[in-house]
Amino acid sequence: MHRLLESRTTTLITQQEAETTGTGWRAAAFRDVESRLTDSGFPCVFSRNAFKKRLLLFAFADDVGPDGIARLGAALADYVELSRNWNGHLDTAYPLLIVFSPDAVSAGSVAEYQAFGWEVIQKLHHADPAPWPEDVGTDPGESSWSMCFNGMPLFFNMSSPAHEVRRSRNLGEHFVLVVNPRERFDAVAGDTPSGRKVRSNIRARIDRYDRAPRARQLGSYGVASLEWWQYGLPEEDVDRTDKCPFSFRAPETARPDGAVAPT
């Protein structure tokens with residue numbers, strides 16, 4: 001186990017803790033996640049494998065005000081530190097699930113939930129304690145863009161209870177941001193022969209699970225697709241013409257000293 005988890009100097013919650021000590025809405029959210037990830041038809045084999053091996057990490061958000069975002073930022077910074085020395089094996093890959101209280105979210109439709117998700121991502125960006133990596137684009141319209149935090153490119157999957165067609169993006173009655181380091185997708189399912197085979201298998205599983213054509217925005221990082229499109233998928237099978245809500249912060253708001261910037 002990583003030193004952060006051994007010492008408990010982190011707000012990250014292990015899967016075992018979420019299962020055995022959660023109460024109220026947190027316990028309900030865990031049960032929802034459990035029901036999805038123990039379904040043999042759920043298309044993301046990586047998430048299912050992580051759940052089976054009890055590798056999931058959780059951060060539960062009661063609100064997204066300044067204090068709530070500060071807590072989320074601290075948890076996300078710890079998650080990045082935990083992920084820096086990944087050895088390349090799936091059995092040591094810890095996905096992070098950021099789960100939001102129903103009281104924190106005022107949304108009913110897929111679009112409203114995704115607007116909330118982008119609001120949280122934007123606030124986290126302004127609370128980022130580290131400079132943006134020089135080799136990652138700062139404009140979501142660039143193929144090299146990926147959300148970064150604490151110096152690491154990350155992938156955010158927005159899962160909401162409003163998804164009825166895209167059931168693979170629905171983890172129950174709570175809004176969830178599933179976070180993974182970008183490099184894990186590149187290593188396991190990147191634009192290589194083996195990676196394309198893995199993606200093809202997962203997307204065939206999506207077709208069967210959702211019982212609908214997969215979103216046409218699904219692609220591979222840096223190859224004929226925009227990364228932000230894949231964070232939140234439209235319910236309908238349509239082309240995207242909207243603009244990404246993410247806005248890169250002014251350089252002077254970066255906090256290389258490790259302090260969390262105000263939101």
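Residues take numbers from 1 onward in each chain, read along the sequence in its written order. The predicted nature of this model means local features are confined to residues of pLDDT at least 70 and side-chain atom pairs, given and counted, to a pLDDT of 80 or more, with totals for whole chains, interfaces and linings taken over all residues. Values reported for side chains reflect all heavy atoms of the structure, with hydrogen atoms and water molecules removed beforehand.

Let's talk about the sheet that holds strand E1 (residues 13-14)
Two strands pair if DSSP finds at least two bridges between them. Strands are runs of DSSP state E lasting at least 2 residues, helices are runs of H or I lasting at least 4, and numbering of each runs from the N terminus. Taking strand neighbours across the sheet as the criterion, the 6 strands line up as E1-E2-E3-E6-E5-E4 in an open arrangement whose pairing is mixed. Only two strands of the sheet have a single partner each, and these edge strands are E1 and strand E4 (148-149). Sheet analysis places strand E2 (residues 57-61) next to strand E3 (residues 96-100), joined by 5 bridges and oriented parallel. In the sheet register, leucine 57 faces E3, and the bridge partner there is leucine 96.

Comments concerning the side chain of asparagine 157
Of note, asparagine 157 is situated in strand E5 (residues 152-159). Since its relative accessible area comes to 17%, asparagine 157 is described here as buried. The definition of a polar contact used here is a pair of N or O atoms within 3.5 Å, where within protein one atom must be able to donate a hydrogen and the other to accept one, and adjacent residues in sequence count solely through side-chain atom pairs. A distance of 2.9 Å separates a polar atom in the side chain of asparagine 157 from a polar atom in the side chain of serine 159. Discounting residues that sit within four places of it in the chain, asparagine 157 has contacts with Arg169, Val176, Leu177, Val178 and Tyr231. Per-residue accessibility, obtained with a 1.4 Å probe over protein chains only, is compared with the maximum for each type, and a residue is labelled buried under 20%, exposed over 50%, and partly exposed between these values. When checking whether two residues touch, look at their non-hydrogen atoms; a contact exists if any pair is within 4.5 Å.

Concerning the confidence of the model for the chain
A low pLDDT means the predicted coordinates there should not be read in detail. Summing up the model confidence of the chain, the mean pLDDT is 85 and the portion of residues at 70 or higher is 83%. A residue's pLDDT is simply how confident the predictor is in it, with values from 0 to 100. Predicted confidence is poor over residues 252-263, with pLDDT under 50, and the contacts of this stretch with residues over four places away or in other chains come to 21 contacts.

Observations concerning the packing of helix H3 (residues 24-37) against helix H4 (residues 45-52)
In this analysis, axes come from line fits to C-alpha atoms, helices being fitted only over the stretch in contact, and the angle between any two N-to-C directions falls in the range 0 to 180 degrees. Where H3 contacts H4, the axes come no closer than 9 Å and their chain directions differ by 120 degrees. By crossing handedness, the relation of H3 to H4 is classed as left-handed. On H4, the residues touching Phe30, Glu34 and Leu37 of H3 are Ser47, Arg48 and Phe51. Residues are sorted three ways: Asp, Glu, Lys and Arg are charged, Ala, Val, Leu, Ile, Met, Phe, Trp, Tyr, Cys and Pro are nonpolar, and all the rest, Gly among them, are polar. Its residues assigned to classes, the contact of H3 with H4 comprises 3 nonpolar, 1 polar and 2 charged. Helix crossings get a hand from a simple test, with the near helix turned counterclockwise from the far one by less than a right angle marking a left-handed crossing and a clockwise turn marking a right-handed one.

Overview of the layout of surface pockets
Empty space within the second largest pocket amounts to approximately 250 Å³. Lining the second largest pocket are 16 residues, with Val110, Ala111, Gln114, Arg240 and Asp242 sitting closest to its centre. No other element matches the 5 residues that helix H6 (residues 110-126) contributes to the lining of the second largest pocket. When its residues are assigned to classes, the lining of the second largest pocket shows 8 nonpolar, 3 polar and 5 charged. Put plainly, a pocket is an open set of points on a 1 Å grid over the protein atoms alone with protein on both sides within 12 Å along at least five of seven lines, a cavity is a set where a 1.4 Å probe fits but cannot get out, and a lining residue has an atom within 4 Å of a point. Grid points are joined across faces, edges and corners, and a volume is the space filled by probe spheres set on the points.

Digging into H6
Helix span is expected to be 1.5 Å times the residue number reduced by one. With 17 residues, H6 ought to run about 24 Å at 1.5 Å a step, and its terminal C-alpha atoms sit 25 Å apart, in line with that. Among the residues of H6, those classed as buried are Val110, Tyr113, Gln114, Phe116, Gly117, Trp118, Val120, Ile121, Gln122, Leu124 and His125. Contact partners of the buried residues in H6: helix H5 (66-83), E3, E4, E5, strand E6 (176-181) and helix H9 (227-231).

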